[in-house]
Amino acid sequence: MSRLALTSDFLSTLRSNLLKHEKETCAVLYGRAVEISGKLARIIVRESEHPQANAYSERTSVRVQLRPEFVAEVVQRARRNKESVIFVHTHPFSLNKFSAIDDAGESELAVFLNQRVPEVAHAALLLTPEASIARELGTKKPLRVVGVGERILYGDTPVRNGVNIRYDRQIRTFGVAGQKILESIRVGIVGVGGTGSSVLQQLVHLGVRDLVLIDPDTIEETNLNRLFGAKPQDVGKFKVIVAEAWAKKINPAAKIEAKRDSTLKASVARSLADVDFVFCCTDSHGSRAILNQFAYQYLVPTIDMGVVIAAPAGKVTHIAGRTQMLAPGLACLACGNLLDAEQVRRDLLTDFERRTDPYILGEPEPAPAVISLNSTMASLAVTMFLNAVVGV
Ligand SMILES: [Zn+2]
């Protein structure tokens, strides 16, 4: 499902400001629509505007309408900036769906807006005491409302159509609603090596069944000490292909998109606008830098993780692991001084540039890696994810 994404603070504030009124109340949001392969992936909300009392032509507890002059100004601004417009209104007395009156008013508005600001997706957002419900303007195409922050706020609980007994024991931990969230979100894993394959295994066991795996590498014999799902005969195969087969063994119903590609490519990174959560399991500083920016710019919550074992000459001097969530309100990797600028520069070079760079001599030494440490970090990361989406 496409998304209407706001920061969680923005969503909470909007809800409390509008729902405190006993009459239906309106607001207008402006945002950027992001399309991936011609399909709307998300609208990212940036700003809100709150009409004054005199901007309403009608306003009761069951009906609301804005004056055409006000709407005209909104549309003019959106046209200038090629922005998405999101018309917000409340149902103060918990009718948790768009009404027939909403349908009629909205389709008129959609015709007008699509003429004046064409080729940009617009939306309607309904706030009720129980839910935040959105759709593409003038259509029945639902948008999932998502507030992005340390905790992810979902606008509405996904439809409950049956519960699979295999998840019984964890439903006893975070409930049917939590399980339905896991089963309805799309998760991207960037890098399916030691930590990524461990994260994948846990997510599929949890019931996440819509996944995008991104990794350009093939399996080497030296990966077999830690790569979940890989057998000796898989050496030479693409990591994402082996990971996909492994995930489908755990849950044959899982839908896996395997991309033999790198997020260093802009189009590949941008395709992550069409996922709900990203795990950054790459050891590339370049990819990290890109995903770090992406998380905040596109409001895609991301967990970055890594393990470093320092063992010069086979003697361990220290071991460090890090699991960090990247979302509005939380420190990014640049804040934490966790990006090595020189390493980022090297990772972002083309092959040709790297070969001819006078500061890069030969291949780097392979880094040490131990399965138990990778799995520990993967478990912490998945637990952090569960806390963010279902509150474990
Ligand atoms: Zn309504």
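Being a predicted model, the structure only gives us computed values, none of them experimental.

**Student:** Would you mind going over the pairing of strand β6 (residues 84-90) in detail, with residue names and values included?
**Tutor:** In terms of burial, β6 is a largely internal element, 7 of the 7 residues being buried. On β6, burial covers both faces: Ser84, Ile86, Val88 and Thr90 on one face and Val85, Phe87 and His89 on the other are all buried. Pairing geometry for strand β2 (residues 26-36) and β6, over 6 bridges, is antiparallel. In the sheet register, Leu29 faces β6, and the bridge partner there is Ile86. Strand direction decides the pairing type here: β6 and strand β7 (residues 123-127), joined by 5 bridges, are parallel.

**Student:** Let's hear about the domain arrangement of the protein: which residues, and what values?
**Tutor:** Domain boundaries assigned for the protein yield domain 1 (3-154) and domain 2 (165-390). Spacing between the C-alpha centres of domain 1 and domain 2 amounts to 35 Å. Each partner contributes to the interface: domain 1 provides 19 residues, whereas domain 2 provides 25 residues. Taken together, both faces of the contact between domain 1 and domain 2 bury some 1800 Å²; the carbon and sulfur share is 54%. The largest per-residue losses of area from domain 1 upon contact with domain 2 belong to Arg3, Arg42 and Tyr154, which jointly make up 27% of the total buried on that side. Where domain 1 packs against domain 2, one counts 3 salt bridges. Of the charged contacts in the structure, one is a salt bridge between Arg3 and Asp276, with a shortest N-O distance of 2.6 Å. For the interface between domain 1 and domain 2, the tally reads 12 residue pairs in polar contact (both at pLDDT 80 or more). At the level of secondary structure, the elements contributing two or more residues to the side of domain 1 that touches domain 2 comprise β1 (3-7), β2, β3 (39-49) and β9 (142-148). Considering each element in turn, the side of domain 1 that touches domain 2 owes the most residues, 5 residues, to β3. Here the residues of the side of domain 1 that touches domain 2 are counted per class, giving 9 nonpolar, 2 polar and 8 charged.

**Student:** Could you give an account of the sheet that holds strand β11 (residues 186-190), with specific residues and numbers?
**Tutor:** The strands making up a sheet are joined through hydrogen bonds of the backbone, oriented either antiparallel or parallel. Strand order in this open sheet of 6 strands is β13-β12-β11-β14-β15-β16, and the pairing throughout is mixed. Each having just a single partner strand, β13 (255-259) and β16 (318-326) make up the two edges of the open sheet. Looking at each pair of strands side by side, their axes are set apart by 15 degrees on average, direction ignored. Examined bridge by bridge, strand β15 (residues 302-310) and β16 share 9 bridges and lie antiparallel to one another. Opposite Val308, over in β16, you have Ala320 as the bridge partner. Sitting on the sheet, helix α5 (residues 194-206) touches β11, β12 (210-214), β14 (277-280) and β15, and the angle it makes with β11 is about 160 degrees.

**Student:** Go over the coordination of the zinc ion, please, and point to the residues and values.
**Tutor:** At the metal site, the zinc ion is ligated by His89 (NE2), His91 (NE2), Asp102 (OD) and Asp102 (OD), and these contacts range over 1.9 to 2.3 Å. Bound by 4 donor atoms, the zinc ion shows angles of 60 to 161 degrees at the metal and therefore irregular coordination geometry. Mapping the donors of the zinc ion onto the primary sequence gives the spacing H-x1-H-x10-D. We classify His89 as buried; its relative accessible area is 10%. Judged by relative accessible area, which is 5%, His91 ranks as buried.

**Student:** Residue-level account of the packing of α5 against helix α11 (residues 371-390), with values.
**Tutor:** Contact geometry for α5 and α11: axes closest at 8 Å, N-to-C directions at 45 degrees. With respect to each other, α5 and α11 are oriented oblique. By crossing handedness, the relation of α5 to α11 is classed as right-handed. Taking contact as the criterion, the partners of Gly194, Thr195, Ser198, Val199, Gln202, Leu203 and Leu206 in α5 are, on α11, Asn374, Ser375, Ala378, Ser379, Val382, Phe385 and Leu386. Class assignment of the residues belonging to the contact of α5 with α11 gives a composition of 7 nonpolar, 7 polar and no charged.

Rules and cut-offs
- Residues numbered from 1 in each chain as written.
- Predicted model: local features only at pLDDT ≥ 70, side-chain atom pairs only at ≥ 80, totals over all residues.
- Heavy atoms only, no water.
- Buried < 20%, exposed > 50% of the residue type's maximum accessible area, 1.4 Å probe, protein only.
- Helix = DSSP H or I, 4+ residues; strand = E, 2+ residues; numbered from the N terminus.
- Pairing = 2+ DSSP bridges.
- Domains from an automatic or database assignment.
- Contact = heavy atoms within 4.5 Å.
- Buried area = accessible area lost by both parts, 1.4 Å probe.
- Salt bridge = Lys/Arg side-chain N within 4 Å of Asp/Glu carboxyl O.
- Polar contact = N/O pair within 3.5 Å; in protein donor to acceptor, adjacent residues only side chain to side chain.
- Nonpolar A, V, L, I, M, F, W, Y, C, P; charged D, E, K, R; others polar.
- Axes fitted to C-alpha atoms, helices over the stretch in contact; angles between N-to-C directions.
- Donors = N, O, S within 2.8 Å, 3.2 Å for Na, K, Ca; no water.
- Tetrahedral: all angles 85-135°; square planar, octahedral: opposite > 155°, others 65-115°.
- Parallel < 35°, antiparallel > 145°, perpendicular 65-115°, else oblique.
- Left-handed = near helix turned anticlockwise from the far one by under 90°.

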